[in-house]
Amino acid sequence: MSARTCNHHDMQTADAGTALAALAAAFSAWHIWRSRDGQGRDDGWNATRHARPGPEALAAGIVARIAAGNHAGLRSQLDQQRAVESETERAG
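Keep in mind that what you see is a predicted model, and the values were worked out from it rather than measured.

Engineer: Outline the pairing of strand 3 (residues 65-68), supporting the account with residue identities and numerical values.
Structural biologist: The two faces of strand 3 differ: Ile66 and Ala68 on one face are buried, but Arg65 and Ala67 on the other face are not. Both strand 2 (residues 42-49) and strand 3 contribute to a ladder of four bridges, which runs antiparallel. When the sheet's bridge partners are listed, Ala47 is paired in strand 3 with Ile66.

Here it is as structure tokens:
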């Protein structure tokens with residue numbers, strides 16, 4: 001492995017770690033984590049709620065777990081969940 005490849009990998013890992021920390025800070029009701037492929041490499045972006053939604057919340061469109069291919073996709077889905085939560089609170 002060349003120094004350039006190693007540095008690029010380190011930079012990707014640092015960028016992913018920064019994005020992971022930013023998502024965790026912005027969405028504290030969720031556990032944000034990376035999944036791994038069969039080779040142990042980072043694969044997807046995931047979020048699991050700390051508290052499981054009840055039947056009424058699930059019926060309203062609130063989900064317990066989200067998976068996405070990248071951090072931007074996960075952020076988008078988490079923002080959508082935040083909007084559903086706000087709408088549900090206003091309706092309730």
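Engineer: Quick rundown of the pattern of salt bridges? Include the residues and the values.
Structural biologist: Between side chains of opposite charge, a pair can form when the charged atoms approach closely. Counted under the stated rule, the structure contains five salt bridges. A salt bridge links Arg34 to Asp42; the shortest N-O distance between them is 3.7 Å. Among the salt bridges present, the one from Glu87 reaches Arg90, with a minimum N-O distance of 3.3 Å. Residue Glu87 and its partner Arg90 are located together in helix 3 (residues 71-91), separated by three residues, close to a single helical turn.

Calculation criteria
Residues numbered from 1 in each chain as written. Predicted model: local features only at pLDDT ≥ 70, side-chain atom pairs only at ≥ 80, totals over all residues. Heavy atoms only, no water. Buried < 20%, exposed > 50% of the residue type's maximum accessible area, 1.4 Å probe, protein only. Helix = DSSP H or I, 4+ residues; strand = E, 2+ residues; numbered from the N terminus. Pairing = 2+ DSSP bridges. Salt bridge = Lys/Arg side-chain N within 4 Å of Asp/Glu carboxyl O.

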